[in-house]
Amino acid sequence: MKTYFALILSSAAAMGFAIGDEPALLPGNTAPKVDVSVWVKGSAPKAPGLRVVEFWATWCAPCKTSIPHLTELAHTYKGKIDFYGISVFERVPNIPAAVNKFVAEMGDKMDYNVGIDTTGKFMAMNWMEAAQQHGIPTAFIIDANDKVLWVGHPLGLDFPLKHALAGTLDWKKEREQAIKNAASFRKSNEGRREAKLAVDLYESGHVAEAEKEFDRIAAGNENDRQLIQAQRMRLYIAHKDPKRDALISKLIVGGSGDQSLLAQVGYTQFTAIKGDLELAKTVAILLAAKGTDTIALYYAALTLAKLDMHKQAAETAEKSLVACAGDKRMSKNAKFKETVTTLRDEELGKAKTVKKH
């Protein structure tokens, strides 16, 4: 579940995590205490009880997507399950000001307890790092005995919360999966280290040698291949390498991972300061015409909407909904379909308004 809004999730390296053998915090373990510098909204847990502790940041676009869903769950389970959102990994000097502003702007869409991590990063270290969770948003389900029951993406909370409330959530199965996930990440992290060496070769002018290294690493497994494609795209853009367009053409006819990478490039290039708007437009139009991946089409629609290409944005959102119907990952995700439908309808309305004028 963690993958489908993973376009700008932070890596362990970006967060400064040290990767050990097995997570210190797993389902079945006792949860750390909740220790924050300040509660921006609501208050700390007052008594033992079933609760969700979620981690987010003001700069995290996927977090902003999942927050309204957490609010819906908080309303659904009011009096039965408490919800706590903890701001971590912030990137601004005045963190309290940034978080207060964000929470105020979200208003009723963020209607649960919200706190800010301590200056010593207690929550990040003792929860996220201890659990070897490498991206946000991430949520933990904790039972009334302070035992961790489940760890995952907040958009995947619905099913485990029902079982947690009924006392039927299999934390042993969740523990096994968490251990497997951590092992998989450690393996992919080796590829990241190798890729960093290849990047250094490229940036020092040894382009041919770097490309050979990229090819060698990409031949290892699908995760490494995706990592290398992302690194190549970043380098080609930064260095105005003419191979960029050939790589875009290759990715557009690739699988869901390739198309998601393109969607990431297009969307983040638009939203970045001094972003390449022409590249964002090119990628979004290509995805709209040839894309087949549900999530990639959604982000292409978002990019087109931000470029005020309202008719194209609506049409691309509709393509995302069509793709979603046959997508095993997403077909049962009512919240995602509602989000895309809203985007489509809003862009259709804007397109009609523009046409009248």
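Overview of the structure. Computed from a predicted structure; not experimentally measured.

Re the environment of Lys 319
And step 1. Tracing the backbone shows Lys 319 in helix H13 (residues 310-325).
And step 2. Distance in space between the C-alpha atoms of Lys 319 and Gly 291 is 8.8 Å, their sequence separation being 28 residues.
And step 3. Residue contacts for Lys 319: discarding those within four places in its chain leaves Ala 288, Ala 289 and Leu 297.

Topic: the sheet that holds strand E4 (residues 113-117)
Backbone-to-backbone hydrogen bonds join strands into a sheet, with any given pair of strands oriented parallel or antiparallel.
And step 1. Pairing in this open sheet of 6 strands is mixed, and the strands run E1-E4-E3-E2-E5-E6 from one edge to the other. Strand pairing shows two members of the sheet lacking a second neighbour, strand E1 (36-41) and strand E6 (148-152), which therefore form its edges. In this sheet, neighbouring strand axes are inclined to one another by 20° on average, regardless of whether the strands run parallel or antiparallel.
And step 2. Of the strand pairs in this sheet, strand E2 (residues 51-56) and strand E3 (residues 82-87) are connected by 6 bridges, and their pairing is parallel. Following the sheet pairing, Glu 54 is matched in E3 by Gly 85.

So, the side chain of Asp 143
And step 1. Of note, Asp 143 is situated in the loop between strand E5 (138-142) and E6.
And step 2. Notably, Asp 143 is buried but unbridged: the nearest opposite-charge side chain belongs to Lys 147, and the N-O separation is 4.7 Å.
And step 3. Within polar-contact distance, the side chain of Asp 143 engages the backbone nitrogen of Asn 145 at 2.8 Å.
And step 4. Filtering out sequence-adjacent residues up to four positions away, Asp 143 remains in contact with Gly 49, Leu 50, Arg 51 and Leu 149.

Basis of the calculations
- Residues numbered from 1 in each chain as written.
- Predicted model: local features only at pLDDT ≥ 70, side-chain atom pairs only at ≥ 80, totals over all residues.
- Heavy atoms only, no water.
- Helix = DSSP H or I, 4+ residues; strand = E, 2+ residues; numbered from the N terminus.
- Contact = heavy atoms within 4.5 Å.
- Pairing = 2+ DSSP bridges.
- Axes fitted to C-alpha atoms, helices over the stretch in contact; angles between N-to-C directions.
- Buried < 20%, exposed > 50% of the residue type's maximum accessible area, 1.4 Å probe, protein only.
- Lys, Arg positive; Asp, Glu negative; His and termini not counted.
- Salt bridge = Lys/Arg side-chain N within 4 Å of Asp/Glu carboxyl O.
- Polar contact = N/O pair within 3.5 Å; in protein donor to acceptor, adjacent residues only side chain to side chain.

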